[in-house]
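Chain by chain, the residues:
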Amino acid sequence: MMAIERLTILGSTGSIGVQTLDIVRRHPERFKISSLVAHSRWRELAAQAREFGVESVVIGDESHYAELKEALKDTTIEVMAGNEAINHVARSYRSDTVVNALVGYAGLHPTALAIESGKRIALANKETLVVGGDIIMAEARRKGVDIMPIDSEHSAIMQCLEGEQRRSIRNLIITCSGGALRDTARENLANVTPEMALRHPQWSMGAKITIDSATLVNKGFEVIEARWLFDIEPERIKVVIHPQSIVHSMVEFTDGSVKAQLGNADMHTPISYALLYPERAAEAMEHFSILDYPTLTFAAPDREKYPALDIAYECLHRGGTAACTMNGANEVAVASFLGHKCGYLDIVGAIRYALDNASFTKHPTLADYDLANREARMLAERYLTQKR
Ligand code: NAD
Ligand code: MG
């Protein structure tokens, strides 16, 4: 009989958060939720809090505190608001595992605090590792804390590496659907609207990562994420386009053998792997039939159409705050693009501008990342204002 594991879920109203709750719902004997955190959707948060009988909830946007408090007034659930409260539940002694499904830079400090207080991390927030992978992984090793990836590619690689020795790894091969614009010609990219870029062919996800998938910023981020998670040199991390999204990633070994992990394009599988490891869920949400996919295809990415991929490798080679700068500029530009305030090509334009103009710190602390993030956001704003 396993002890009940107490979870804190950061970003419970989002795409990953809601699917995490599906897994928890199926394993009441295994999990109990201590805290739930969301940004602004207080009604959903209140309903989740009641259903799972949590101890506390945090609404990031403090302007919804009163409504949330009112909605839960007949319960004993503690209601909090703001970033300090998010940090508080991330390190609270009342949980064993923190599922970080926040989006963007906002995920970095909660991950760092959860590690510092010795919690197991189930990590969807890839920006944590994009920005601070070096110190986050070092701190996790020092604390003896496991970081379980929720990102499907990294979950696939982790599954391929089970039982293998480090020295046998030749390359990691990350697959990429190609995003919403994979069939759009390079000359037509300037006219792409948010609506077009949001139509992801395979995965239904939050808006920010869907745009990141269309620019391949997401794939670049996943290369950076893999570099830190698996402690492997950037040159040995390859990206291949695989439009069917059935092979979730692969590992090539020194003897020429290649292992791949396959399955439906359904995030419930990597989420349940991260939460239940080393066990597996007894029932799949949906069975996978290889006969439904008689043709699986692979191609090299078009690096001119998708400059973000090489920019991510460039950031890895520069190290320090470079990837933090890329991430901060991207966040600003994606929000602007989603608000119809800039064009699709301005996203990579803003990243390039920020990287070319930002200051650089070779051995940053978490505080240095805050500064680099702020500077990158400011530079991206400046670039986008000049373009308007
Ligand atoms: P989403 O936008 O659907 O959800 C984000 C959640 O975080 C929401 O609950 C939102 O309320 C909360 N949130 C965002 N900013 C916050 C803040 N400042 N303070 C408090 N709460 C905040 O995003 P998502 O698609 O679920 O993605 C979450 C993370 O998982 C991202 O880092 C993404 O790259 C990663 N990821 C997602 C998928 C997917 O299938 N959706 C797959 C792989 C990785
Ligand atoms: Mg992914």
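A short tour of the structure in this document, coming up. What you see as residue numbers is a count from 1 along each chain, following the sequence as written. A letter from A marks each chain and a number from 1 marks each ligand, given out in the order of writing. Only residues with pLDDT of at least 70 get local features here, since the model is predicted, and only at 80 or more are side-chain atom pairs given and counted; chain-wide, interface and lining totals rely on the full set of residues. To obtain the side-chain values, all non-hydrogen atoms of the structure were included, while hydrogens and water were left out.

### Concerning a nonpolar patch on the surface
Residues enter a patch when their relative accessible area is above 30% and they make no salt bridge; the linking distance is 9 Å between like charges and 5 Å between nonpolar side chains (Val, Leu, Ile, Met, Phe, Trp, Tyr). Reported accessibility uses the Shrake-Rupley method at a 1.4 Å probe radius. Residues are deemed covered only where the shown protein chains occlude them. A pair is scored as a salt bridge if a Lys or Arg side-chain nitrogen falls within 4 Å of a carboxyl oxygen belonging to Asp or Glu. The grouping of Leu 262, Phe 288, Ile 290 and Leu 291 at the surface amounts to a nonpolar patch, some 380 Å² of accessible area in total. Only DSSP runs of H or I with at least four residues qualify as helices, and only runs of E with at least two residues qualify as strands; both kinds are numbered from the N terminus onward. Mapped onto the fold, Phe 288 is located in the loop between helix 11 (268-276) and helix 12 (307-318).

### Re the sheet that holds strand 9 (residues 237-241)
A pair of strands is treated as paired once DSSP finds two or more bridges between them. Pairing within the open sheet is mixed, and its 4 strands lie in the order 9-8-10-11. Strands with a single pairing partner mark the edges of an open sheet, and in this sheet they are strand 9 and strand 11 (258-262). When the angles between neighbouring strand axes are averaged without regard to direction, this sheet yields 20°. The pairing of strand 8 (residues 169-176) with strand 9 spans 5 bridges and is classified as parallel. Directly across from Cys 176, in strand 9, lies its bridge partner Ile 241. Contacts: residue pairs with any heavy atoms within 4.5 Å of one another. All axes are obtained by fitting lines to C-alpha atoms, using only the stretch in contact for helices, and the reported angles, taken between N-to-C directions, cover 0 to 180 degrees. Docked against the sheet, helix 7 (residues 152-161) engages strand 8, strand 10 (247-253) and strand 11, running at close to 40° with respect to strand 10.

### Focus: the site of ligand 1
A molecule or strand has a residue near it when one of that residue's heavy atoms lies within 4 Å. Inspection of the region around ligand 1 gives 22 residues, with Thr 13, Ser 15, His 39, Glu 127 and Gly 206 positioned closest. The contact in question runs from an oxygen atom of ligand 1 to an N or O atom on the backbone of Ile 16, over 2.9 Å. Residue Ala 124 places a main-chain N or O atom 3.3 Å away from an oxygen atom belonging to ligand 1. Taken by itself ligand 1 offers 820 Å² of open surface, and the protein chains cover 87% of this. Amino acids are sorted into nonpolar (Ala, Val, Leu, Ile, Met, Phe, Trp, Tyr, Cys and Pro), charged (Asp, Glu, Lys and Arg) and polar (every other residue, Gly among them). Grouping the amino acids of the shell around ligand 1 by side-chain chemistry returns 11 nonpolar, 8 polar and 3 charged. Counting residues domain by domain, the shell around ligand 1 receives three or more from each of domain 1 (5-149) and domain 2 (156-264 + 304-387). We call two N or O atoms a polar contact when they sit within 3.5 Å, provided that within protein one can donate a hydrogen and the other can accept it, with sequence-adjacent residues counted only if both atoms are side-chain atoms. All the domain ranges listed were derived from an automatic or database domain assignment.

### Concerning the coordination of the magnesium ion (ligand 2)
A metal bound by six donors in octahedral fashion has ideal angles of 90 or 180 degrees, whereas one bound by four tetrahedral donors has an ideal angle of 109.5 degrees. Here a donor is any nitrogen, oxygen or sulfur atom (N, O, S) within 2.8 Å of the metal, with 3.2 Å used for Na, K and Ca; water is not among the atoms considered, so some sites may look incomplete. Protein-derived coordination of the magnesium ion (ligand 2) comes from Asp 151 (OD), Glu 153 (OE) and Glu 222 (OE), at a distance range of 2.1 to 2.2 Å. Between the donor residues of the magnesium ion (ligand 2), the gaps in sequence give the motif D-x1-E-x68-E. In this pair, Asp 151 is assigned in the loop between strand 7 (147-149) and helix 7 and Glu 222 in helix 10 (residues 217-229), connecting sequence segments 71 residues apart. Residue classification places Asp 151 among the buried positions, given a relative accessible area of 7%. A simple rule labels every residue: compare its accessible area, found with a 1.4 Å probe on the protein chains alone, to the largest value its type can have, and call it buried under 20%, exposed over 50%, or partly exposed in between. Taking the relative accessible area as the measure of exposure, Glu 222 reaches 1% and is therefore buried.

### Section: helix 2 (residues 42-52)
Taken together, the buried positions of helix 2 are occupied by Trp 42, Leu 45, Ala 46, Gln 48, Ala 49 and Phe 52. The buried residues of helix 2 all sit within an arc of 165° when viewed along its axis, so they share a single face. As for helix 2, its buried residues are in contact with helix 1 (15-26), strand 2 (31-38), strand 3 (56-59) and helix 3 (65-71). Just beyond helix 2, the residue with positive phi is Gly 53, at close to 55°. The arc in question is formed by the directions pointing from the helix axis toward the C-beta atoms.

### Some points on the sheet that holds strand 2
With parallel pairing, 7 strands are arranged side by side in an open sheet as 4-3-2-1-5-6-7. Looking along the sheet, the strands with just one partner apiece sit at the ends: strand 4 (78-81) and strand 7. Taking the axes of each pair of neighbouring strands and ignoring which way they run, one obtains an average angle of 20° across the sheet. Bridge analysis of strand 3 against strand 4 gives 4 bridges, and the strand direction is parallel.

### A closer look at the packing of aromatic side chains
For Phe, Tyr and Trp, where Trp contributes only its six-membered ring, two rings pair if their centres lie within 6.5 Å, and the inter-plane angle classes them as stacked under 30 degrees, edge-to-face over 60, or tilted in between. This structure, assessed with the given rule, holds 4 aromatic pairs. Geometrically, the ring pair formed by Tyr 273 and Tyr 277 is edge-to-face, given 5.6 Å between the ring centres and 65° between the ring planes. With relative accessibility at 6%, the residue Tyr 273 sits in the buried group. In this structure Tyr 277 comes out as partly exposed when scored by relative accessible area, which is 27%.

### Description of unusual backbone geometry
With an omega of 5°, the peptide bond running from Tyr 277 to Pro 278 counts as cis. With respect to the secondary-structure elements, Pro 278 resides in the loop between helix 11 and helix 12. One non-glycine residue, Leu 216, lies in the positive phi region at around 70°. With respect to the secondary-structure elements, Leu 216 resides in the loop between helix 9 (207-215) and helix 10. Positive phi, close to 50°, is recorded for Ser 245, a residue that is not glycine. Structurally, Ser 245 can be placed in the loop between strand 9 and strand 10.

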